[in-house]
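Geometric and topological summary
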Amino acid sequence: MTMSTHQSHPVRAEAVVDLAAIRHNVTTLRARAAGAQVMTVVKADGYGHGMVQVARAAREAGAGWIGAAVLEEALALRESGDTGPIFCWLTTPGEPLTDAIDAGIDLSAGAPWEIDELAAGVTDRPARVHLKIDTGMSRGGAVPEEWPALIRAAVREQAAGRIEIKGIWSHLASSDEPKSPVNESQLATFTEAIEVAESFGIDAEFKHLANSGATLALPETHFNLVRPGVATYGLSPFGHALPSSELGLKPAMTLKARLAMVKRVPAGAGVSYGLTWTAPRPSTLGLIPLGYGDGLPRHASNGAPVQAGGQRRTVVGRICMDQCVVNLEDDQAAAGDEVVLFGPGTSGEPTADDWADAAGTINYEIVTRLGARIPRRYVDSER
């Protein structure tokens, strides 16, 4: 879990999370869902933003459901006082399911053995189960040929009173490319799976397929429940092709640090391990006390953007475990000065998308990989 800080003294670094932005994004997504309920996905500690804090803000904004990947996340949400619907979808053989079942957490099953384990974990109340069909992503879920066997197992245990079939669901592989024919193919497979389930007498209350990209761009996939993840945090699933600002989303996280040292170096000075960058002329360098041990991607070495003194500057040399170096060129700077690694971009600072470009990855990874060594500070720009 992330740490939260309320120190009055200056901190080495921090990730500032605006809960008003979370509420704004959930409200925006609810409008785009056009009547479908919204499940706010808070897996991986709320994509690095803080699972419990994000879930509370999402509930305040009208999220009917909260989504968690693994059991410990779902149970922690219950322990935090969340009494609403929670869906958890990733379990492995032998995990203790009874606590989740007793806590009223909805669980996924994509194979008959999962139905058997859920039934075996029941004590006082039946397990609430969503059956997963693999519509073409080849990850979790039953492939269409095995779907009837999963349904038979679920129907058997429902008749015995050990489970309740609450939902049918799947996951899209290419919703970040809304025009991809894969989306249409997966939707067709999902619709067929629902029809097969209905032929066995299953009338699941919830059908859900849409993630962030589909919630925003593929209304035909909404059914009666959508599961936006990254868009909750104000990040576009489409990257620079359709940025957050054009989607009405507000990035919620700003990553800041204070320079640990500033020094002037001569032309020809090499920087960091392997001396992969050499100063072309006399330059001022700033030492940022964050590195790959904090979650900065090492692949962003020699290119990641930073805002310092109101100017865009560049990380030079290799990013180390605990620190990296920014080229301040001829700026006047001192140890203790604040730099912004990324934020909403509204004040000229880099964004998570800019860091993703520098590292050859996606904005999801930039925020999610930030470690617990960076304290989170929660603000509310509307209160």
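- In the annotation of an unreviewed UniProt entry, the protein is listed under the name Alanine racemase and assigned to Kribbella jiaozuonensis.
- Annotation of the protein in UniProt includes, under Sequence similarities (unreviewed entry), the sentence "Belongs to the alanine racemase family."
- Under the UniProt heading Cofactor (unreviewed entry), the note attached to the protein is "pyridoxal 5'-phosphate".

Focus on the UniProt feature "domain: Alanine racemase C-terminal" (unreviewed entry) in the protein
- The UniProt record annotates "domain: Alanine racemase C-terminal" (unreviewed entry) at residues 252–379.
- End-to-end, the C-alpha atoms of residues 252–379 are 10 Å apart, and along that stretch the chain is 11% helix and 36% strand.

What about the pairing of strand β14 (residues 283–288)?
- Of all six residues in β14, five are buried; the element is thus mostly enclosed.
- Two elements, strand β11 (residues 261–265) and β14, share five bridges in a ladder whose sense is antiparallel. By the bridge assignment, valine 265 is partnered in β14 with serine 283.

Considerations on the environment of valine 379
- Note that valine 379 resides in strand β19 (residues 376–379).
- With relative accessibility at 27%, the residue valine 379 sits in the partly exposed group.
- Distance from valine 379 to leucine 19, taken between C-alpha atoms, is 6.2 Å for residues 360 residues apart in sequence.

A word on the domain arrangement of the protein
- Per the domain assignment, the segments making up the protein are domain 1 (19–233) and domain 2 (253–379).
- When each unit is reduced to the centre of its C-alpha atoms, the spacing between domain 1 and domain 2 is 37 Å.
- The interface of domain 1 with domain 2 comprises nine residues on the first partner and eight residues on the second.
- For the domain 1 and domain 2 pair, buried surface summed over both sides reaches about 800 Å², with 60% attributable to carbon and sulfur atoms.
- Taken together, the residues of the side of domain 1 that touches domain 2 sort by class into five nonpolar, four polar and no charged.

Criteria and cut-off values
- Residues numbered from 1 in each chain as written.
- Predicted model: local features only at pLDDT ≥ 70, side-chain atom pairs only at ≥ 80, totals over all residues.
- Heavy atoms only, no water.
- UniProt positions renumbered as here; feature names shortened; annotations may be inferred.
- Helix = DSSP H or I, 4+ residues; strand = E, 2+ residues; numbered from the N terminus.
- Buried < 20%, exposed > 50% of the residue type's maximum accessible area, 1.4 Å probe, protein only.
- Pairing = 2+ DSSP bridges.
- Domains from an automatic or database assignment.
- Contact = heavy atoms within 4.5 Å.
- Buried area = accessible area lost by both parts, 1.4 Å probe.
- Nonpolar A, V, L, I, M, F, W, Y, C, P; charged D, E, K, R; others polar.

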